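# Secondary and tertiary structure notes
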Amino acid sequence: MAQINFGGTIEEVVTREEFPMEKALAFLQNETIAIIGYGVQGPAQALNLRDNGFNVIIGQRKGKTYNKAVEHGWIPGETLFDIEEAARRGTIIQFLLSDAGQIAAWPTIKPLLTKSKTLYFSHGFGITFKEQTGIVPPADVDVVLAAPKGSGTSVRRLFLQGKGINSSFAVFQNASGEAREKAIALGIGVGSGYLFETDFKKEVYSDLSGERGTLMGAIAGIFEAQYEVLRSKGHSPSEAFNETVEELTQSLMPLVAENGMDWMYANCSTTAQRGALDWKRKFKAATLPVFQELYESVASGKEAQRTIETCSKPDYREKLAEELKELRESELWQAGAAVRALRPEKQQVEASMIN
Ligand SMILES: NC(=O)c1ccc[n+]([C@@H]2O[C@H](COP(=O)([O-])OP(=O)(O)OC[C@H]3O[C@@H](n4cnc5c(N)ncnc54)[C@H](O)[C@@H]3O)[C@@H](O)[C@H]2O)c1
Ligand SMILES: CC(C)(O)[C@@H](O)C(=O)O
Ligand SMILES: [Mg+2]
Ligand SMILES: [Mg+2]
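Please read these numbers as outputs of a predicted model, since none were measured by experiment. (Residues numbered from 1 in each chain as written. Chains lettered and ligands numbered in written order. Predicted model: local features only at pLDDT ≥ 70, side-chain atom pairs only at ≥ 80, totals over all residues. Heavy atoms only, no water.)

## Quick word on the side chain of Ser209
To keep it simple, the criterion reads: Helical segments are the DSSP runs of H or I of at least four residues, strand segments are the runs of E of at least two, and each set is numbered from the N terminus. Here the term buried applies to any residue with accessible area under 20% of the maximum for its type, exposed to any over 50%, and partly exposed to those in between, with areas from a 1.4 Å probe on protein chains only. In what follows, residue pairs with any heavy atoms lying within 4.5 Å of each other are defined as contacts.
Note that Ser209 resides in helix α10 (residues 200–212). For Ser209, a relative accessible area of 14% corresponds to the buried category. Residues in contact with Ser209, not counting those within four places in the same chain, are Leu294, Tyr295 and Val298.

## Quick word on the coordination of the magnesium ion (ligand 3)
Tetrahedral coordination by four donors puts the ideal angle at the metal at 109.5 degrees, and octahedral coordination by six puts it at 90 or 180 degrees. For clarity, the threshold we go by: Nitrogen, oxygen and sulfur within 2.8 Å of a metal are treated as its donors, or within 3.2 Å for sodium, potassium and calcium (Na, K, Ca); water is not counted, so a site can appear incomplete.
All of the protein donors around the magnesium ion (ligand 3) are Asp207 (OD) and Glu211 (OE); their distances to the metal are 2.0 Å. Distance-wise, the magnesium ion (ligand 4) is placed 3.7 Å from the magnesium ion (ligand 3), both being coordinated by Asp207. Within this pair, Asp207 and its partner Glu211 are both found in helix α10, separated by four residues, close to a single helical turn. In this structure Glu211 comes out as partly exposed when scored by relative accessible area, which is 26%.

## A few points about the packing of helix α11 (residues 217–232) against helix α12 (residues 237–259)
The following threshold applies: To obtain each axis, a line is fitted to C-alpha atoms, and for helices this fit is confined to the stretch in contact; angles are then taken between N-to-C directions over 0 to 180 degrees. For classification purposes, an angle smaller than 35 degrees is called roughly parallel, one larger than 145 roughly antiparallel, one from 65 to 115 roughly perpendicular, and anything else oblique. Working rule for handedness: look at the near helix, and if it is turned counterclockwise from the far one by less than a right angle, call the crossing left-handed; if clockwise, right-handed. Throughout this entry, Asp, Glu, Lys and Arg are counted as charged residues, while Ala, Val, Leu, Ile, Met, Phe, Trp, Tyr, Cys and Pro are counted as nonpolar. The remaining residues, Gly among them, count as polar.
Two numbers describe how α11 lies on α12: the axes approach to 9 Å, and their chain directions differ by 150 degrees. For the element pair α11 / α12, the angle class is roughly antiparallel. Note on packing geometry: the crossing formed by α11 with α12 is right-handed. Along the contact surface, α11 presents Ile219, Phe223, Gln226, Tyr227, Leu230 and Arg231, while α12 presents Pro237, Ala240, Phe241, Glu243, Thr244, Val245 and Leu248. Taken together, the residues of the contact of α11 with α12 break down into nine nonpolar, two polar and two charged.

## As for the UniProt feature "domain: KARI C-terminal knotted" (unreviewed entry) in the protein
Basically, it comes down to this: UniProt positions are given in the numbering used here, feature names are shortened, and annotations may be inferred rather than shown by experiment.
If you check UniProt for "domain: KARI C-terminal knotted" (unreviewed entry), the listed places come out as residues 199–346 in our numbering. The distance from the first to the last C-alpha atom of residues 199–346 is 43 Å, and the span holds 85% helix and 0% strand.

## Observations concerning the site of ligand 2
Here is the rule we go by: It suffices for a single heavy atom of a residue to lie within 4 Å of a molecule or strand for the residue to be listed as near it. Contacts described as polar in this section are N or O atom pairs within 3.5 Å, which, within protein, must combine one atom able to donate a hydrogen with one able to accept it, while residues neighboring in sequence count only if both atoms come from side chains. Only the protein chains shown count as covering a residue, and every accessible area follows the Shrake-Rupley method with a 1.4 Å probe.
What surrounds ligand 2 is the set Gly150, Ser151, Asp207, Glu211 and Met216. A distance of 2.9 Å separates an oxygen atom of ligand 2 from a polar atom in the side chain of Asp207. Contact distances for ligand 2 include 2.8 Å between an oxygen atom and a side-chain N or O atom of Glu211. Protein contact buries 61% of the 260 Å² of open area that ligand 2 shows by itself. Its residues placed into classes, the shell around ligand 2 shows one nonpolar, two polar and two charged.

## Points about the nonpolar core
Which entries qualify depends on this criterion: We call a set of buried residues a nonpolar core when its members are Ala, Val, Leu, Ile, Met, Phe, Trp, Tyr or Cys and they connect through side-chain atoms within 4.5 Å of each other.
Counting 32 residues, the largest nonpolar core has Ile35, Phe54, Val56, Ile58, Trp74 and Tyr120 as the members making the most contacts within it. For this core, the secondary-structure elements that each account for two or more residues are α1 (21–27), β3 (33–36), α2 (41–51), β4 (56–59), α3 (64–71), β8 (142–148) and α9 (179–189). Among the elements that take part in this core, α9 stands out by supplying six residues, more than any other. Apart from the residues lying within four places of it in its own chain, the contact partners of Phe54 are Met21, Ala24, Leu25, Leu28, Ile33, Leu49 and Gly189. Within the second largest apolar cluster, 25 residues are counted, among which are Val141, Val143, Leu145 and Phe200.

## Overview of the pairing of β4
Formally: Pairing between strands requires that DSSP locate at least two bridges from one strand to the other. Here a crossover is taken to be right-handed if, once the strands point away from the viewer, the path from the first strand over the helix to the second is traced clockwise.
Of the two faces of β4, the one lined by Val56 and Ile58 and the one lined by Ile57 and Gly59 are each fully buried. In this sheet, β4 lies alongside β3 in parallel orientation, the contact comprising four bridges. Counterpart to Ile36 in the pairing with β4 is Gly59. Where the polypeptide runs from β3 across α2 and back to β4, its parallel neighbour, the crossover connection is right-handed. Summarising the sheet, β4 and strand β5 (residues 80–81) pair through two bridges and their orientation is parallel. Paired with Gly59 across the strands is Phe81, a residue of β5.

## Some words on the pattern of salt bridges
The line we're drawing: Salt bridge criterion: a side-chain nitrogen from Lys or Arg within 4 Å of a carboxyl oxygen from Asp or Glu.
Per the counting criterion, the structure on display carries 17 salt bridges. Among the salt bridges present, the one from Lys149 reaches Asp207, with a minimum N-O distance of 3.1 Å. You can see Lys149 sitting in the loop between β8 and α8 (152–160) and its partner Asp207 sitting in helix α10, a full 58 residues away along the chain. Across the salt bridge formed by Arg212 and Glu303, the nearest N and O atoms sit 2.7 Å from each other.

## With respect to the site of ligand 1
Taken together, the neighbourhood of ligand 1 is formed by 23 residues, with Val40, Gln41, Asp99, His123 and Gly152 sitting nearest. Note that a nitrogen atom of ligand 1 is positioned 3.4 Å from one of the side-chain N or O atoms of Arg61. With respect to ligand 1, the side chain of Gln102 contributes an N or O atom lying 3.4 Å from an oxygen atom. Taking 830 Å² as the accessible area of ligand 1 by itself, protein coverage stands at 82%. Mapped by element, the contributors of at least two residues to the shell around ligand 1 are α5 (99–109) and α16 (316–329). At four residues, α5 tops the list of elements feeding residues into the shell around ligand 1. Considering only residue class, the shell around ligand 1 consists of eight nonpolar, twelve polar and three charged.

Following this line, the structure appears as structure tokens:
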């Protein structure tokens, strides 16, 4: 394990140098990895594992998603099965159904988790909120987690670019005595650049807070608030969108990603720096209680309950699609679509498609 100083706290991380792919392949050479669920993480992890040389099969119910798996080269009856058959054949069960879907499938999966098999999650949800999910694995199996810190789409894209996402890993149950190495080997196999250690509860608390907070919920809310103010003061949609979203994603966040917040600030005007440093305090103070409320809602199980209730309904997909449609069709994001289409590289692509 490499010892890394994260802003004054020394943490241990596992890099590909210490745990190379050959070691992961050797460690898992006798295993059949059954990917249960082919939604977003499922295809990314399955394809990365397959491309890395692991023995992978898929378990997916029939329908559109099953057909997607066929398009990706999984062969019905050979490497593509229904959930039950894949879980029977697999020695490592990667449980990548939606968190609500895992509850429905658990009665099918549980009896197939025979001694010395491994149950793998990419989220601490099912195990941590066991009172609500009913997911309690048998004592004689390993239970591990490798959770990529990003969308499955990025997990696959970064892999194809020869890069890697960072992931957390954890062990909940170590029946074999080798669960930790197994978690790391699987984490490397699915395409992680490096892995940091956590436990199931910390993973789910931080993950649910992050996605409801700055990563997805808070950012969308802040965009809407600023856009609405600019529009109400007479600014055009294009101006409001550019000052709220486009500049952030296209110009400033890439600079933050490259070299940190202070460096992005330093590459803006002194006027901008002065104002940002002053207003940052006010935004922090205004949002701190909201983030505290959010964390409490996660830790009390309220967020899990709401997710389970809503995402277990038969029409949950349609309902989510309706809400996303409303977001897409809002003026802000329609302005965004127009702005994106005007990016020079898009126009070049369109021109080359015409010629
Ligand atoms: N989406 C991501 O990029 C991402 C990132 C990190 C971790 N995770 C975690 O990985 C796991 C999988 O997430 P996902 O977003 O890929 O899942 P998802 O929501 O896309 O669902 C995956 C699959 O589950 C199937 N499914 C849903 N309910 C079902 C049911 N009742 N019976 C059978 N199949 C059912 C769906 O058809 C879909 O193919 C979750 O634990 C999630 O928290 C996801
Ligand atoms: C990609 C995210 C937001 O990091 C993941 O946590 C998810 O639930 O999809
Ligand atoms: Mg999540
Ligand atoms: Mg996440």
